Amino acid sequence: AADELKSLVLSKLAVTYQLAAGTDLQIVSDEKHSSGFRFVRMQQLVDGVAVTHGHIAAHIAPDGAVLAILGQLVPNARATVAAGDGTAAVKSALAAEGASRLVLHAGPTPTVFTTSRGDVVNAWHAVAEYQGPEGQTLEDVFFGQRDGALLARYSKIHHALTRQVYDLGQTCLRGGHS
């Protein structure tokens, strides 16, 4: 069933999504609700390399009908073979950004990355913990394979907000910080 969905996207919708040769989809999860509805998540790959912003999810009815396909795939994404394993490039680039006491928790792995301007570039992705200008940091970081330029960083440290919890009668049950 999930493989049929994958086949549908890669054959009938490939032109719509402008998928490059070598594009594949990896099934990330296939969840079935007790009502019989399913939610299938897929990750875009190009020549076996993950495409960072290429994710879709499908909502499937109990009878197998595809109700919706949500998300986006990166059009015309192409992957090139990365030289080396990227560790030296990522460490050097982070050091240039002022990082010290660097620990790589995952990666670097090659990825195809879409910049905020819409450019598609081959990149290194790593999960890095380091002491930076703003203190201790844990981030997903992306660097260009060709030039080592910082493409993006996404913090894995999330700060709770001040919030209040109300019951259905609009009575505040609890306030404060989490």
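Residues numbered from 1 in each chain as written. Predicted model: local features only at pLDDT ≥ 70, side-chain atom pairs only at ≥ 80, totals over all residues. Heavy atoms only, no water.

(A) Main features of the overall build of the chain. Along the chain, the regular secondary structure elements total 3 helices and 10 strands. The helix and strand sequence of the chain, counted from the amino end, reads α-α-β-β-β-β-α-β-β-β-β-β-β. For the chain, the residues scored as buried account for 33% of the 178 residues in total. Contacts in the chain between residues far apart in sequence, at least 24 positions, make up 38% of those at least 6 positions apart. When the accessible area of the chain is evaluated, it comes to approximately 10,700 Å², of which 53% is carbon and sulfur surface. (Helix = DSSP H or I, 4+ residues; strand = E, 2+ residues; numbered from the N terminus. Buried < 20%, exposed > 50% of the residue type's maximum accessible area, 1.4 Å probe, protein only. Contact = heavy atoms within 4.5 Å. Areas by Shrake-Rupley, 256 points an atom, 1.4 Å probe, with all protein chains shown as cover.)

(B) Representation of unusual backbone geometry. Residue Gly107 is joined to Pro108 through a cis peptide bond whose omega torsion reads 5°. Within the secondary structure layout, Pro108 lies in strand β5 (residues 100-114). Unusually for a residue other than glycine, Asp47 sits at a positive phi of about 50°. One can find Asp47 in the loop between β2 (38-46) and β3 (49-60). We classify Asp47 as exposed; its relative accessible area is 54%. Phi angles above zero are rare outside glycine, and Arg101 is one such case at about 50°. Within the secondary structure, Arg101 is located in strand β5.

(C) Here's a closer look at the pattern of salt bridges. Taken as a whole and judged by the stated rule, the model has 7 salt bridges. With a closest N to O distance of 2.6 Å, Glu31 and Arg41 form a salt bridge. One end of the pair, Glu31, is in strand β1 (residues 23-32); the other, Arg41, is in strand β2, with 10 residues separating them in the sequence. Residue classification places Arg41 among the partly exposed positions, given a relative accessible area of 33%. Residues Arg153 and Glu139 are paired through a salt bridge, measuring 3.5 Å at the closest nitrogen-oxygen approach. On the criterion of sequence distance, the pair formed by Arg153 in strand β8 (residues 150-155) and Glu139 in strand β7 (residues 135-144) is long-range, its members being 14 residues apart. One network of salt bridges, in which partners are shared, links Glu97, Glu139 and Arg153. (Salt bridge = Lys/Arg side-chain N within 4 Å of Asp/Glu carboxyl O.)

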